[in-house]
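Here are the chains, one letter per residue:
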Amino acid sequence: MRKHNLSMLLDLYEMTMANGIFTSDMKDTVTYFDMFFRRVPDNGGYAIMAGLEQLMEYFENLRFTKEDIEYLRSLNLFCEEFLVYLENFKFECDVWAVPEGTPIFPMEPIVTVKGPAIQAFLVETMVLLTINHQSLIATKANRICSVAGDRPVMEFGARRAHGYDAAYYGARAAIIGGCKGTSNVKTGQDFNTAVSGTMAHSWVQLFPDEYTAFKTYAEKYPDSCTLLIDTFNVLKSGLPNAIKCFDEVLKPNGYRPKGVRIDSGDIAYLSKKIRKALDDAGYNDCAIVVSNSLDEHLIKELDSQGAKISSFGVGERLITASSEAVFGGVYKLAAVEFPNGEIVPKIKVSENIAKITLPGVKIPWRLYDNETGKAIADVICLSDEKIDDTKPYEIFDPVHTWKRKTVTNFTAKKLQIKIIEKGKKVYSSPSVNEICAFRKQCVDNLWDEVKRFENPHSYYVDLSEKLWNLRQELLSKNSKGEN
């Protein structure tokens, strides 16, 4: 796995704030920052957490080189004492996060950073960049794979990704979201995931004729032969030549074809014609693989037309999450801890209600019904609270507070785990394939109504009464000008 120092990948205001704090009497102030998001992409019912392994790698490699210091000095913005501090920088924060693969919902803290304000300022961009990107792609992949059902989806988007890292880590996130593999060899190598790929149109064009191209490929890869049949004409040329190749090259030597692939044309119509021809030729076990700018909507539409498709290769609309290209996570101050141990909750107030933050040091919990195993609701509590699942517990809508429900016979689990302590990693990330299996288990624990493709049920993310009261108290003080 690649390891490189990304300490300078930050917004300038993070550095100017850190310099300002360093030269003030707030230098030793400990802060608590939460990362959360406000809306599920594509109006879905839930999102998928991803990117944690790379975030931990970033924290462990956080340091500034002599070249970094010289560049910062050249900007004439920072005092020399602060630059010396950066030259000897040691990351000392504690970090908690929701494990990768977990379904996540708006407003709940998915990453919490506790540490000196200087350091908490400096990591904002990378926290958001890392989690936003991979969570976006994992969420999109999960959405596409849920529509595909039992049929495998392969991630095919490297050539359309927004840069090297977007292709590399995007493929990782896609597998977390449910893709069975990727065409990206580097991702497959580094994360031990399945890789897939056969031929391009250029292979077929290179040979004197289409049949020779198919024959040569089948001879080289007889036990994994999938032929691309739309270079010239699917029904008049590609499909007949593929069947001829299967009959003359594979079948006589005891092999069966793996599949045929189409990447253009009227996929629904062609897939039905291809299926009938393959079945009539005795190749009912030959898969039909399709690609060509697919997404969840097109897959759903193909199904509605009775398309005969065995698996999907999804590229640009997955790796770029083209329908909603921003995850929208934010990183906000939640509390300040002074040297005397006093913790003061902080709130950001806005006329836009969605932008009002949740104050204080918080822990999100998930409540599970013991009879069904399904998730009932999430409850965000203050850190000094514990949900006792041996007793009935009342949850309520934080906006429409008269909507209340008492839950019984349930299990309460904290969503966050500690991943960094005093700057050192204290959590070992599972493999990508293990995270994918965990994601599937967690999604299975959601009610079907939450997983619905159109107009999903809004999953309940409630506040504990103590947190709700704290927020109301701070909002009241703000309205009176007492902030």
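None of the values given here were measured: they were computed from a predicted structure.

Draft legend 1. Highlighting the overall build of the protein chain. Counting secondary structure elements, the protein chain contains 17 helices and 21 strands. Overall, the protein chain is about 85 × 60 × 35 Å in size when its C-alpha atoms are taken along their principal axes. Scored against the burial criterion, the 483 residues of the protein chain give a buried share of 52%. In the protein chain, the proportion of contacts linking residues at least 24 apart, taken out of those at least 6 apart, comes to 73%.

Draft legend 2. Here's a closer look at the packing of aromatic side chains. This model, assessed by the stated rule, comprises 19 aromatic pairs. Geometrically, the ring pair formed by Phe 33 and Phe 121 is edge-to-face, given 6.1 Å between the ring centres and 75 degrees between the ring planes. Highlighted residues: Phe 33 in strand 1 (residues 30–37) and Phe 121 in helix 5 (residues 117–122), separated in sequence by 88 residues. Of the two residues examined, Phe 33 and Phe 121, each falls in the buried class.

Draft legend 3. Up close: the packing of helix 2 (residues 52–60) against helix 6 (residues 124–148). Closest axis-to-axis distance for the helix 2/helix 6 pair is 9 Å, and the angle between their directions is 160 degrees. For the element pair helix 2 / helix 6, the angle class is roughly antiparallel. The crossing of helix 2 and helix 6 is right-handed. Along the contact surface, helix 2 presents Leu 52, Gln 54, Leu 55, Tyr 58 and Phe 59, while helix 6 presents Met 126, Val 127, Thr 130, Ile 131 and Gln 134. Partitioned by chemical class, the residues of the contact of helix 2 with helix 6 number seven nonpolar, three polar and no charged.

Draft legend 4. A look at the nonpolar core. Counting residues in hydrophobic clusters, the biggest one holds 127 residues, and the most contacted among them are Val 111, Leu 227, Ile 229, Phe 246, Ile 274 and Leu 278. At 12 residues, helix 6 tops the list of elements feeding residues into this core. Apart from the residues lying within four places of it in its own chain, the contact partners of Leu 227 are Met 199, Phe 214, Tyr 217, Ala 242, Cys 245, Phe 246, Gly 259, Val 260 and Arg 261. Residues Leu 367, Val 379, Val 407 and Phe 410 belong to the second largest nonpolar core, which totals 13 residues.

Draft legend 5. Layout of unusual backbone geometry. Look at Ser 293: it is not a glycine, yet its phi comes out positive at around 50 degrees. With respect to the helices and strands, the residue Ser 293 is situated in the loop between strand 10 (287–290) and helix 13 (296–304). By relative accessible area, which is 26% here, Ser 293 ends up partly exposed. In this model, Lys 422 sits at a positive phi of 50 degrees, which is unusual for a non-glycine residue. Within the secondary structure, Lys 422 is located in the loop between strand 19 (417–421) and strand 20 (424–425).

Rules behind the numbers
Residues numbered from 1 in each chain as written. Predicted model: local features only at pLDDT ≥ 70, side-chain atom pairs only at ≥ 80, totals over all residues. Heavy atoms only, no water. Helix = DSSP H or I, 4+ residues; strand = E, 2+ residues; numbered from the N terminus. Buried < 20%, exposed > 50% of the residue type's maximum accessible area, 1.4 Å probe, protein only. Contact = heavy atoms within 4.5 Å. Phe/Tyr/Trp six-rings, centres within 6.5 Å; stacked < 30°, edge-to-face > 60°. Axes fitted to C-alpha atoms, helices over the stretch in contact; angles between N-to-C directions. Parallel < 35°, antiparallel > 145°, perpendicular 65-115°, else oblique. Left-handed = near helix turned anticlockwise from the far one by under 90°. Nonpolar A, V, L, I, M, F, W, Y, C, P; charged D, E, K, R; others polar. Core = buried A, V, L, I, M, F, W, Y, C linked by side-chain atoms within 4.5 Å.

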